[in-house]
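# An overview of the molecular structure
Residues per chain, in single letters:
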Amino acid sequence: MSKLLDLVPRFMVKDELMARVVAAVSKPLDDWRTLVAQLPSYLDPAATPEEWLNALMGLVALPRDDGLAAAVKRALIATAFTTWINKGTELGIEAYLGAYAGVTVNVVRLNTTSFIAGVSRAGDVCGTVGGGSWSFQLQVPTASGLTENEVRAILAPVVAAYEQYTVVFT
């Protein structure tokens, strides 16, 4: 039964000819509705077969890494939207490192300067290149077993070149 039949006046449903016209018009729409309903199963990292994970990582703009465990790939795919829409911010860094390493990290922005129109001068907020305007402190649990070099390697795809951060183990 077509979903469109629920939207048309009752007299159209009762009339056999009108019901057939509505069914004919709604057939392509119903086919699309069925297809769209199935699409998430192809993109759901939990439902995706393991051999498709590398392709799905590429589809959501994650760097390919064949050495990752399937569980890590699934976690990265699940957080891909958050990490890329918030790339270079506290939320993006926390989500990416959390998905990759399975740890909860706290990212603290060290520069809290705000731009005030008519008051701030050039360089007050952005600073000079390498001046630390985008400076963070990453508080990583010691129990994670990660080293600073590993944290930096993991975060390379989501931290911009002009950002600086220190890694502190808590």
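Residues numbered from 1 in each chain as written. Predicted model: local features only at pLDDT ≥ 70, side-chain atom pairs only at ≥ 80, totals over all residues. Heavy atoms only, no water.

With that settled, consider the overall build of the chain. Counting its secondary structure elements, the chain contains seven helices and three strands. When the helices and strands of the chain are listed from N to C terminus, the series reads α-α-α-α-α-α-β-β-α-β. Counting only residues that meet the buried cut, the chain has 30% of its 170 residues in that class. Long-range contacts, defined as pairs at least 24 residues apart, comprise 52% of the intrachain contacts of the chain with a sequence gap of at least 6. As displayed, the chain offers around 10700 Å² of accessible surface, 62% of which is attributable to carbon and sulfur atoms. (Helix = DSSP H or I, 4+ residues; strand = E, 2+ residues; numbered from the N terminus. Buried < 20%, exposed > 50% of the residue type's maximum accessible area, 1.4 Å probe, protein only. Contact = heavy atoms within 4.5 Å. Areas by Shrake-Rupley, 256 points an atom, 1.4 Å probe, with all protein chains shown as cover.)

Moving on, we get to helix 4 (residues 70-78). Of the residues making up helix 4, those classed as buried are Ala70, Val72, Lys73, Leu76 and Ile77. The arc that holds the buried residues of helix 4, viewed along the axis, is 160°, so those residues lie on one side. Pointing more than 90 degrees away from the buried face of helix 4 are the exposed residues Ala71 and Ala78. Those residues of helix 4 that are buried lie in contact with helix 3 (53-59), helix 5 (80-85) and helix 6 (90-101). (Arc of directions from axis to C-beta.)

Strand pairing in a sheet relies on backbone hydrogen bonds, with the paired strands running either antiparallel or parallel. Reading across from one edge, 1-2-3 is the order of the three strands in this open sheet, with mixed pairing throughout. Single-partner strands in this sheet number two, and they are strand 1 (106-109) and strand 3 (164-169). Going from strand to strand, the sheet's axes swing by 20° on average, the running direction of each strand aside. Strand direction decides the pairing type here: strand 1 and strand 2 (residues 135-140), joined by four bridges, are antiparallel. The residue of strand 2 that forms the bridge with Asn106 is Gln139. Sitting on the sheet, helix 7 (residues 148-155) touches strand 2 and strand 3, and the angle it makes with strand 3 is about 135°. (Pairing = 2+ DSSP bridges. Axes fitted to C-alpha atoms, helices over the stretch in contact; angles between N-to-C directions.)

Counted by the stated rule, this structure contains one aromatic pair. Its guanidinium or amino end placed over the ring of Tyr165, Arg152 lies 4.4 Å from that ring's centre, counting from NZ or CZ. (Phe/Tyr/Trp six-rings, centres within 6.5 Å; stacked < 30°, edge-to-face > 60°. Lys NZ or Arg CZ within 6 Å of the ring centre and 35° of its normal.)

What follows covers the environment of Pro157. Following the sequence through the fold, Pro157 ends up in the loop between helix 7 and strand 3. Sequence spacing of Pro157 and Leu62 is 95 residues, and the spatial spacing of their C-alpha atoms is 8.3 Å. Apart from the residues within four sequence positions on either side, Pro157 is in contact with Pro63, Trp84, Lys87 and Tyr96.

Below, the discussion takes up the pattern of salt bridges. Taken as a whole and assessed by the stated rule, the structure comprises six salt bridges. Here Arg33 and Asp30 are joined by a salt bridge, their closest N and O atoms 3.5 Å apart. Linking Arg33 with Asp30, this pair stays in helix 2 (residues 16-43), spanning three residues, or about one helical turn. By relative accessible area, Arg33 is classed as partly exposed at 45%. (Salt bridge = Lys/Arg side-chain N within 4 Å of Asp/Glu carboxyl O.)

What follows deals with the packing of helix 6 against helix 7. For the pair helix 6 and helix 7, interaxial distance at closest approach is 10 Å and the crossing angle is 110°. Relative to helix 7, helix 6 is oriented roughly perpendicular. Of the two elements, helix 6 crosses helix 7, and the hand of that crossing is right-handed. Residue-level inspection shows Ile93, Tyr96, Leu97 and Tyr100 of helix 6 in contact with helix 7, the latter providing Val151, Ile154 and Leu155. (Parallel < 35°, antiparallel > 145°, perpendicular 65-115°, else oblique. Left-handed = near helix turned anticlockwise from the far one by under 90°.)

According to the relative accessible area criterion, Asp30 is buried, its value standing at 16%. Discounting chain neighbours no more than four positions away, the residues touching Asp30 are Ser2 and Lys3.

Here we come to helix 7. In an α-helix, one turn spans 3.6 residues; hence positions three or four apart end up facing the same way. Of all the residues in helix 7, the buried ones are Val151, Ile154 and Leu155. In a view along the axis of helix 7, the buried residues occupy a sector of 90°, so they form one face of it. With respect to the buried face of helix 7, the exposed residues turned more than 90 degrees away are Asn149 and Ala153. Contacts from the buried residues of helix 7 go to helix 6, strand 2 and strand 3.

On their own, these measurements won't tell you what the molecule is for.
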